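Structural overview
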Amino acid sequence: MYLEKEDVSLYYEVTGSGEPLILIHGVIVDSELYKAAAELLGRYYTVITFDRRGNSRSTCKGERHFSMDEQIEDVRDLMDHLQIDSAYIFGASAGAVIGQYFLIRYPERVKHLIMFEPAVLGEMAEEIPEVKQWVDEMMERIGKRKYTTAILKFAQHINSFDSRSPRRTPEISRREMGNHEYALTQEFPGMLQYHPDRAAFESMRDKITISAGEKSEGTVYYHAAVHIANDLGKEPVYYPGYHNLPYDLPMEFAVNLIGTLMLL
């Protein structure tokens, strides 16, 4: 299904019934990240997944560029379209950061936010020399249009891939490859620029759970999860697997997410 907006055709899917649960994906991938898990979660929740604008089936009606404001308004407009007043939100990687900004701007529309390995790259680059070096090397490759080597560099902090991960179909692979240039030239540099209102974010700590993959230790994203959790005075919740957990291990992801939500 599509939500037609003035500047984008936003692809979305709705699965199951119950309280609304919105799943937001990160960079390069699309809502296929959650497809198998959504079928399982749909037994308990109304699960909403969507391709973020500029990615895969959500085509922009003009030039593709990254704007956090547009990302947030897409979530709000999708909720309005589906007549959802408030929802649980789970965001992975860049999706977690988008969820963070959405919570700050529209706290009344978020029942609870689960941030899985948030891609707070700008903050990490300012605080950790190794991250800054990684970011600088990424930007150098992007500037020289060396997109293949940039993707390989980007993958360093996704850590390993779970051997149990389902094989991607040619269609999914083609879609993700079509997202590479946009991800590298727009979304990655864009994410570096955003620094949320930390005081506003911390004031909503009771609405936030920070999580990470137990096998992701040593990556930027794992460190970011621990860093944010410490700032909020909370313990991170560890899920099995790596950065792409929802796709790699959908059953384990669904069970752990349901457990997190039940304990709220």
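The structure we're discussing is the one just above.
Given the structure is predicted, the values throughout are model-derived calculations rather than measurements.

**A word on the pairing of strand β2 (residues 8–15)**
- Counting buried positions over the eight residues of β2 gives seven, a clear majority of the element.
- Bridge count between strand β1 (residues 2–4) and β2: three bridges; the pairing is antiparallel. Bridge assignment links leucine 3 to a residue of β2, and that residue is leucine 10.
- What sits between β1 and β2 in their antiparallel hairpin is a turn of three residues.
- As paired strands, β2 and strand β5 (residues 59–60) are joined by two bridges and run antiparallel to one another. When the sheet's bridge partners are listed, serine 9 is paired in β5 with threonine 59.

**Some points on the nonpolar core**
- Ranked by size, the top nonpolar core spans 64 residues in total, and within it Ile22, Trp134, Phe154 and Phe188 carry the most contacts.
- Top element by residues in this core is helix α9 (residues 220–232). It accounts for eight residues.
- With residues up to four places along the chain from it excluded, the contact list for tryptophan 134 reads Leu121, Lys153, Phe154, Gln156, His157, Phe188, Val220 and Tyr221.
- Ranked by size, the runner-up nonpolar core spans 25 residues in total, among them Tyr45, Ile114, Phe116 and Leu249.

**Some words on the packing of aromatic side chains**
- The full count for this structure, using the stated rule, is 13 aromatic pairs.
- What links up through ring pairs into an aromatic cluster is the set Tyr34, Phe90, Phe116, Tyr239 and Phe253.
- Positioned above the aromatic ring of tyrosine 247 is the side chain of arginine 168, whose terminal nitrogen or guanidinium carbon lies 4.4 Å from the ring centre.

**Some details on helix α2 (residues 68–81)**
- With 14 residues, α2 extends 20 Å from end C-alpha to end C-alpha; this agrees with the ideal 20 Å at 1.5 Å per step.
- Among the 14 residues of α2, ten are classified as buried, and the element is accordingly described as predominantly covered.
- Considered for burial, the residues of α2 that qualify are Met68, Glu70, Gln71, Ile72, Glu73, Asp74, Val75, Asp77, Leu78 and Met79.

**Some points on the environment of histidine 180**
- Looking at the element boundaries, histidine 180 is found in helix α7 (residues 170–193).
- With a relative accessible area of 23%, histidine 180 lands in the partly exposed category.
- Discounting residues that sit within four places of it in the chain, histidine 180 has contacts with Ile28 and Ile151.

**Thoughts on the pattern of salt bridges**
- Scanning the model with the defined rule gives 26 salt bridges in all.
- For glutamate 187, the salt bridge goes to arginine 52, with nearest N and O atoms at 2.7 Å. Separated by 135 residues along the polypeptide, glutamate 187 in helix α7 and arginine 52 in the loop between β4 (45–50) and β5 bring together distant segments of the chain.
- Aspartate 80 is the salt-bridge partner of arginine 109, the closest N and O atoms lying 2.7 Å from each other.

**Description of the pairing of strand β8 (residues 208–213)**
- Among the six residues that make up β8, six are buried, leaving the element largely enclosed by the rest of the structure.
- As paired elements, β8 and strand β9 (residues 237–239) share three bridges and run parallel to each other. Bridge pairing links glycine 213 to tyrosine 239 in β9.
- A crossover links β8 with its parallel partner β9, the connecting element being α9, and its sense is right-handed.

Reading the values: the criteria
- Residues numbered from 1 in each chain as written.
- Predicted model: local features only at pLDDT ≥ 70, side-chain atom pairs only at ≥ 80, totals over all residues.
- Heavy atoms only, no water.
- Buried < 20%, exposed > 50% of the residue type's maximum accessible area, 1.4 Å probe, protein only.
- Helix = DSSP H or I, 4+ residues; strand = E, 2+ residues; numbered from the N terminus.
- Pairing = 2+ DSSP bridges.
- Core = buried A, V, L, I, M, F, W, Y, C linked by side-chain atoms within 4.5 Å.
- Contact = heavy atoms within 4.5 Å.
- Phe/Tyr/Trp six-rings, centres within 6.5 Å; stacked < 30°, edge-to-face > 60°.
- Lys NZ or Arg CZ within 6 Å of the ring centre and 35° of its normal.
- Expected span 1.5 Å × (residues − 1).
- Salt bridge = Lys/Arg side-chain N within 4 Å of Asp/Glu carboxyl O.
- Right-handed = clockwise from strand over helix to strand, strands pointing away.

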